[in-house]
Amino acid sequence: MKNPRILVVDDEENIRLLFKEELEEEGFEIGLASNGFEALDKLKTERFDLVVLDIKMPGMDGIQTLNEIKNIKKDQPVILCSAYGEFKQDFSSWVSDGYVVKSADTRELKQTIKNVLGL
Amino acid sequence: MNPVDLLGKIIEISHSNLELASRITSILNIISQDMRSEEAIIYTFDKDKRLSCRYANQRSALFNILNKYRCHIGEGIVGSVAQKRSPLFYTMRDIPPRFGCLFYPELDGKLENYKVFAFLPLADDSYLYGVLVLCAVNRDVIHDADKIFLSILSREVGGILRSYDLILSSKKRISELATLSELGKVLTSNIDPQELLKNIALIIAKSLNAAFVTIKLGYAFLKLDAQRFTYGIIDPSVQDHVAELEETSARLLRAVSMRDCAPDEYEDAFKLSLFSAPIVSKNRVLGTLTICGDKMEQTYALGEDGQYLINTIANYISSGLENTLLNTRLRDAVRELSDAQKRLIEQEKFRSLGEMTANIAHEIKNPLVIIGGFAKRLARQIDLDRTENKYISIILNEVTRLESILNEVLNYVKETPLVAEMCSINDCLDEVLYLLTSDSSWEEINIAKTYDPRLPPISCDSQQLKQVLINILMNSHEAMHGRGTITIQTKQTTYENRPFIAISIADTGGGIDPANIDNVFNPFFTTKERGTGLGLAISNKIIMNHKGHIDVENIAGKGVTFIIYLPAKNHITKEEFL
Ligand SMILES: Nc1ncnc2c1ncn2[C@@H]1O[C@H](COP(=O)(O)OP(=O)(O)OP(=O)(O)O)[C@@H](O)[C@H]1O
Ligand SMILES: [Mg+2]
Ligand SMILES: [Mg+2]
């Protein structure tokens, strides 16, 4: 079986790097985008099984990006990921398939990804 | 002395600087001498419009007897001279059998020496001032010339009395006006009601030359400590009279003197110019003003103008009291307003501080995740020797600590919507207490509960409320170092006329340093080595979200009482009634 492909979207380079290394270790294939526009471009040309989307980003934030993604690919699974739980109550975040608060401990992130992918 | 010289002498005396009484006495001395009349006595009208014997020549033997009695106009010889305004002359032989007021038991045997009597009205064309009585031992007749002269003389003396009257009444009037203007000044200056009433009593007493002035308030009015304000000393002998007058004037709603409440004792009591007026405002008797005159001569007697003055003063006082009442209400309202404003500012401060904190926390969170995340990878990937492993685990521990602090901060600034439900505060408290006291560190803490068993359930977020209770109880626990008493009370109360419930939690932990008291609700304020200083800030925010507030009563050195106020009814009540 082919490895699931995950697109990590975050404006912080080191977060991207951390997530890439941690998730590759779990056997995922990782694509990277540093903002919402880049992410949309990538999604138009490539197929990803899951998008891990940071919320606080300059330009187009995660919530807006989420809406755009759902516009072009209604069934694209997305997990929102932010520094804290401020958007948990936001209606638009309900459209996402998961919500993770960033932590040095990446176990919650990995578990949520596996849940969404049905692994 | 020839008649013209005599008249001149009398007029001279009347213009002298002597006191009124001594001027009249001097005049009577001269008349008695010149007319060879052993007695020269003047009757004038007293405040009851009765003729009473007020002045006499120095040698008069009858004065001390006569001045005990008074007579009405028309009564006896004196009374009828006053009524008819024409003089009467008698000798011992032809004096009528009904002498009226001239003959009293005490006079028995004292009149036989006198051979002639003259009774002369002291009157001008328009007004009667009294009666002059002359009694002579060494004269057999009064000649017509003397009679004519005496008529002129009595007219003159009447005129003198009249001008005294005018001077006295204008003096009185001036002092009244001065009193009222003094009162006006005091009433418009915004001093506190206590001072106001004391000053009023003082001003009235000084300007009316009163022995004492006492203002009694009938209502528990203006939250004053005292209900009676007195200037001077109330003689114990009149204390009962004062009480009686106060009661009567409040009942009759008008100024009263002793005559109104004790008609039988009147003869005695009238000597006290003691009177009382109700202080009325909007048909409600606020209290009474009672004045006791000092010296008969100069003081106020409650005649018609006296009554008018007292009523005017009482009205002044009532409007003054109304004013202060309004002022106190205004002050209360202003205070409430500024309290509300303070709270609003506090809220605003919290909000902007919250935003700032959220931003900072967010900025810190990402680097922290990166540091911690890679440290973890390091720890996993390389098989490190013991020292380096120790360092990495220190980094990881600190990252975990920082993260949990950040989470707490973010929790605080995050707007958590209320999940309101009807819940029983007493039950919430018991649940929290059960939870806390199951820990052994609570073993030596004595918990005293006085719950209101009829406390109505209120609409609130019980999870959040429990968080507040835990924060406050934990603070007490920490302040008491695990040993002491926590007293918990619940009750129904009101705040700004709306129903509230109050939960008070008191400890014996030594209280808060007064220097810190204003800071304890500020986020991050802590005096504890490992405290975040968010416990009370979060609690305050939660209670404010519930439209309630927290009060602190601090007794430095003893302990603190935190009182949580929560609205007992939500705003739906109005519709429910409809
Ligand atoms: N019951 C109390 N007795 C004495 N001081 C108190 C009491 N409650 C609060 N304080 C003072 O108020 C400060 C702030 O309290 P708060 O609960 O906000 O923070 P903390 O207890 O220091 O930290 P945290 O609750 O976050 O662990 C405390 O550090 C303490 O100085
Ligand atoms: Mg970001
Ligand atoms: Mg605390």
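Residues numbered from 1 in each chain as written. Chains lettered and ligands numbered in written order. Predicted model: local features only at pLDDT ≥ 70, side-chain atom pairs only at ≥ 80, totals over all residues. Heavy atoms only, no water.

Participant: Where do I start with the overall build of chain B in this structure?
Facilitator: On a plain count of helices and strands, chain B comes out with 15 helices and 18 strands. Counting across all 578 residues of chain B, residues that qualify as buried make up 44%. Once local pairs closer than 6 in sequence are excluded, the contacts in chain B between residues at least 24 apart make up 65%. Carbon and sulfur atoms make up 53% of the accessible area of chain B, which amounts to about 31400 Å² in all. (Helix = DSSP H or I, 4+ residues; strand = E, 2+ residues; numbered from the N terminus. Buried < 20%, exposed > 50% of the residue type's maximum accessible area, 1.4 Å probe, protein only. Contact = heavy atoms within 4.5 Å. Areas by Shrake-Rupley, 256 points an atom, 1.4 Å probe, with all protein chains shown as cover.)

Participant: What should I look at first to understand the site of ligand 1 in this one?
Facilitator: All names here are of chain B. Taken together, 20 residues sit near ligand 1, with N475, T526, T527, K528 and T532 positioned nearest. Between ligand 1 and the protein, one listed contact pairs an oxygen atom with a side-chain N or O atom of T526 at 2.5 Å. Note that an oxygen atom of ligand 1 is positioned 2.8 Å from one of the backbone N or O atoms of L536. Coverage of ligand 1 by the protein chains reaches 90% of its 590 Å² of free accessible surface. Only α13 (462–479), α14 (535–545) and β18 (559–567) provide two or more residues apiece to the shell around ligand 1. The element that contributes the greatest number of residues to the shell around ligand 1 is α13, accounting for four residues. (Near = heavy atom within 4 Å. Polar contact = N/O pair within 3.5 Å; in protein donor to acceptor, adjacent residues only side chain to side chain.)

Participant: Sorry, what's going on with the coordination of the magnesium ion (ligand 2) here?
Facilitator: A metal bound by six donors in octahedral fashion has ideal angles of 90 or 180 degrees, whereas one bound by four tetrahedral donors has an ideal angle of 109.5 degrees. All names here are of chain A. For the magnesium ion (ligand 2), the protein coordination sphere consists of D11 (OD), D54 (OD) and K56 (O), at 2.2 to 2.5 Å. Along the chain, the residues donating to the magnesium ion (ligand 2) are arranged with the sequence spacing D-x42-D-x1-K. Remark: D54 occurs in strand β3 (residues 50–54) and D11 occurs in the loop between β1 (5–9) and α1 (13–25); sequence separation between them is 43 residues. (Donors = N, O, S within 2.8 Å, 3.2 Å for Na, K, Ca; no water.)

Participant: Looking at this structure, I do not really get the interface of chain A and chain B. What am I missing?
Facilitator: Many descriptions give the size of an interface as the accessible area lost when the pieces come together. Counting residues at the interface gives 19 residues for chain A and 20 residues for chain B. When chain A packs against chain B, the two sides together hide about 1800 Å² of surface, and 58% of this comes from carbon and sulfur. On inspection of chain A and its partner chain B, the count reaches five salt bridges. Its salt-bridge partner being A:E21, residue B:R377 comes within 3.1 Å of it at the nearest N-O pair. A total of seven residues in the side of chain A that touches chain B trace back to one element, the largest contributor, which is α1(A). Split into classes, the residues belonging to the side of chain A that touches chain B amount to seven nonpolar, four polar and eight charged. (Buried area = accessible area lost by both parts, 1.4 Å probe. Salt bridge = Lys/Arg side-chain N within 4 Å of Asp/Glu carboxyl O. Nonpolar A, V, L, I, M, F, W, Y, C, P; charged D, E, K, R; others polar.)

Participant: How should the packing of aromatic side chains be read in this particular structure?
Facilitator: Note on aromatic pairs: each is described by the distance of the centres and the angle between the planes. Residue and element names in this part refer to chain B. Applying the stated criterion across every chain, the model contains five aromatic pairs over all chains. On the numbers, 4.9 Å between centres and 45° between planes, the contact of Y127 with Y129 is tilted. Y127 gets classed as partly exposed once you look at its relative accessible area, which sits at 43%. Residue classification places Y129 among the buried positions, given a relative accessible area of 8%. When the centroid spacing of 5.5 Å and the interplanar angle of 70° are considered together, the rings of Y495 and F500 count as edge-to-face. With relative accessibility at 21%, the residue Y495 sits in the partly exposed group. (Phe/Tyr/Trp six-rings, centres within 6.5 Å; stacked < 30°, edge-to-face > 60°.)

Participant: Sorry, what's going on with the sheet that holds strand β17 (residues 549–555) of chain B here?
Facilitator: Strand-to-strand pairing in sheets goes through backbone hydrogen bonds, with the strands running parallel or antiparallel. All names here are of chain B. With respect to topology, five strands assemble into an open sheet ordered β13-β15-β16-β18-β17, the strand pairing being mixed. Two strands in the sheet have a free side with no partner beyond their single neighbour: β13 (445–450) and β17. Averaged over all neighbouring strand pairs, the angle between strand axes comes to 20°, with direction disregarded. Where strand β15 (residues 484–495) meets strand β16 (residues 498–506), nine bridges bridge the pair, whose relative direction is antiparallel. Note that in β16 the partner of Q492 across the bridge is I501. (Pairing = 2+ DSSP bridges. Axes fitted to C-alpha atoms, helices over the stretch in contact; angles between N-to-C directions.)

Participant: What is the right way to read the sheet that holds strand β11 (residues 284–293) of chain B from this model?
Facilitator: All names here are of chain B. Taken together, the five strands give an open sheet; going across it, the order is β8-β7-β11-β10-β9, and neighbouring strands pair in antiparallel fashion. Of all the strands in the sheet, the pair left with one neighbour each is β8 (228–232) and β9 (256–257). As defined by bridge partners, β9 adjoins strand β10 (residues 274–281) across two bridges and the pair is classed as antiparallel. When the sheet's bridge partners are listed, S257 is paired in β10 with F275. Running over the sheet, helix α7 (residues 239–252) touches β7 (210–217), β8, β9, β10 and β11 and is turned about 40° from β10.

Participant: Sorry, what's going on with the confidence of the model for chain A here?
Facilitator: Atom-level detail of predicted coordinates should not be read off regions where pLDDT is low. Of all residues in chain A, 89% have pLDDT values of 70 or greater, and the mean over the chain is 88. Considering each helix and strand of chain A separately, the mean pLDDT is smallest for strand β5 (residues 98–101) of chain A, with a value of 87, and largest for β1(A), with 97. (pLDDT = per-residue confidence, 0-100.)

Participant: Looking at this structure, how should I read a nonpolar patch on the surface?
Facilitator: Residues and elements named next belong to chain B. A surface patch of nonpolar side chains, about 270 Å² in accessible area, is lined by M356, I360 and I364. Relative to the helices and strands, M356 resides in helix α10 (residues 304–381). A relative accessible area of 47% places M356 in the partly exposed class. (Patch = residues over 30% accessible without salt bridge, like charges linked within 9 Å, V, L, I, M, F, W, Y side chains within 5 Å.)

Participant: Which parts of the structure should I look at to understand the pattern of salt bridges?
Facilitator: Side-chain pairs of opposite charge can arise whenever the charged atoms involved come near each other. Residues and elements named next belong to chain B. In this structure the tally under the stated criterion is 28 salt bridges over all chains. In this structure, E246 engages R228 in a salt bridge whose closest nitrogen and oxygen atoms are separated by 2.9 Å. With E246 in helix α7 and R228 in strand β8, this residue pair connects regions lying 18 residues apart in the sequence. Judged by its relative accessible area of 4%, E246 falls in the buried class. Put simply, E247 and R251 hold a salt bridge, and the shortest N to O gap is 3.1 Å. With E247 and R251 both in helix α7 and four residues apart, the pair spans about one turn of that helix. Here E247 falls in the partly exposed class, since its relative accessible area comes to 42%. Classification of R251 by relative accessible area gives exposed; the value is 52%.

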